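# Structural overview
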Amino acid sequence: MGAAEPMIAPSILSADFAHLADAAASVPSADWLHVDVMDNHFVPNLTIGLPVVQALHAATDLPLDCHLMIDDPDRWATGYAEAGAANVTFHVEAAADPVTVARNIRAAGALAGLSVKPNTPLEPYLELLREFDTLLVMTVEPGFGGQTFIADVLPKVRLAREQVSAGHLRLFVEVDGGVDQETIVAAAEAGADVFVAGSAVYGADDPGKAVEQLRVIGRTAMNHATD
Ligand code: DX5
Ligand code: ZN
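These lines cover the structure that appears in this document, whether it is placed above or below. Since the model is a prediction, treat every value here as computed from it, not as a measurement. (Residues numbered from 1 in each chain as written. Chains lettered and ligands numbered in written order. Predicted model: local features only at pLDDT ≥ 70, side-chain atom pairs only at ≥ 80, totals over all residues. Heavy atoms only, no water.)

## Overview of the overall build of the protein
For clarity, the threshold we go by: A helix here means a DSSP run of H or I that spans at least four residues, while a strand means a run of E at least two residues long, and both kinds are numbered starting from the N terminus. In this description the radius of gyration comes from C-alpha coordinates, and the expected globular size is given by 2.2 Å times residues to the power 0.38. For every residue, the accessible area obtained with a 1.4 Å probe (protein chains only) is divided by the maximum for its type, and the residue is called buried under 20%, exposed over 50%, and partly exposed between those limits. Per-residue accessibility takes into account occlusion by the displayed protein chains alone, with areas from the Shrake-Rupley method and a 1.4 Å probe.
In terms of regular secondary structure, the protein is built from eight helices and eight strands. Relative to the 2.2 N^0.38 estimate, which gives 17 Å for 227 residues, the radius of gyration of the protein is 16 Å and therefore close to what a compact globule would have. Projected onto its principal axes, the C-alpha positions of the protein cover 45 × 40 × 30 Å. The buried share of the protein, reckoned over its 227 residues, is 54%. Accessible surface, the protein: about 9800 Å² in total, of which carbon and sulfur atoms supply 51%.

## Let's talk about the pairing of strand β7 (residues 172-176)
Selection criterion: When DSSP locates at least two bridges between a pair of strands, those strands are taken to pair. Look down the strands so they point away from you; if going from the first strand over the helix to the second traces a clockwise path, that crossover is right-handed.
With four of five residues buried, β7 is to be regarded as a mostly interior element. Here strand β6 (residues 134-138) runs beside β7; their pairing, made up of five bridges, is parallel. Looking at β7, one finds that L135 is bridged to V173. Running through helix α5 (residues 154-165), the crossover from β6 to the neighbouring parallel element β7 is right-handed. With helix α6 (residues 183-190) bridging β7 and the parallel strand β8 (residues 194-197), this β-α-β connection has right-handed handedness.

## Structural notes on the packing of aromatic side chains
Each pair of aromatic rings is reported with the distance of its centres and the angle of its planes. For clarity, the cut-off: Aromatic pairing here means that ring centres of Phe, Tyr or Trp (its six-membered ring) are within 6.5 Å. Orientation follows from the plane angle: under 30 degrees is stacked, over 60 is edge-to-face, and everything else is tilted. Put simply, a charge is over a ring when the Lys NZ or the Arg CZ is close to the ring centre, within 6 Å, and near the line of the ring normal, within 35 degrees.
According to the stated counting rule, one finds two aromatic pairs in the structure shown. Ring centres of W32 and F172 lie 5.4 Å apart, and the angle between their planes is 80°; on these two criteria the pair is classed as edge-to-face. Of this pair, W32 sits in the loop between α1 (20-25) and β2 (33-38) while F172 sits in strand β7, and the two are 140 residues apart along the sequence. Given the relative accessible area of 6%, W32 is considered buried. You can call F172 partly exposed: its relative accessible area is 27%. Between F90 and F132, the ring centres sit 5.7 Å apart and the planes meet at 50°, which makes this aromatic pair tilted. Here the residue F90 occupies a position in strand β4 (residues 87-91), and F132 occupies one in the loop between β5 (111-116) and β6, the gap between them amounting to 42 residues. Classification of F90 as buried rests on a relative accessible area of 0%. When the ring centre of W76 is taken as reference, the NZ or CZ atom of R75 above it lies at 4.0 Å.

## Examining the pattern of salt bridges
Put simply, the rule is: Here a salt bridge means any side-chain nitrogen of Lys or Arg lying within 4 Å of a carboxyl oxygen belonging to Asp or Glu.
Within the structure shown, the criterion is met by six salt bridges. For R215, the salt bridge is made with E212, and the minimal N-O distance between the two is 3.2 Å. Pair noted here: R215 and E212 are both in helix α8 (residues 207-226), with a separation of three residues, about one helical turn. A residue is classified by how much of its surface remains accessible, and R215, at 8% relative accessible area, is buried. Three or more residues joined by partner-sharing salt bridges are found here, namely D31, E212 and R215.

Here it is as structure tokens:
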């Protein structure tokens, strides 16, 4: 097997919402651009929705990683795939019929992602994850940027990586929340391969350079873990 390669997904939640195209342009080497959609119901915060995702898709070539922190993804998720998102992740806690949502997302041409909040166990959903391309393990309570990484959730990352390594699942294992140059090490060693970072990228003087620094640290930790 070749060396494992991390994917870095800067979260525009920490960027200047008046200049989102510039925020995308400032991270040209990002693998995905992470877009946090919040509805003020599933989470207390309110951010952006479909029209902004459509506009952003037209303004950048970066693949969009839409993280839906919304109620009723059964009703809304497919629209994000139709809008051109590369990956559409919704929360298992919010979905009535996650399998159908995943199939609809895939049929619309995007990867399908399932997210679990910090207190949501993974075991009940291992079978379900066969319908998905991405597992997003929240490493903070969803809703706000700039929170502290919760290392207690890393056993879920480890479990997902074991399932992938054993051939039971084929998934990106993504972590989101409080990921920075220090916490990325533990996440990568636990088996994550996609790293969302908001404040660690857009709070830096040079967001593009911050992406590259995270990539180097993440790569080293991933390959250390698989040695
Ligand atoms: C939080 C969002 C995250 C957020 C991460 O609910 O899902 O994507 O932007 O921000 P940081 O990296 O600052 O914790
Ligand atoms: Zn997110």
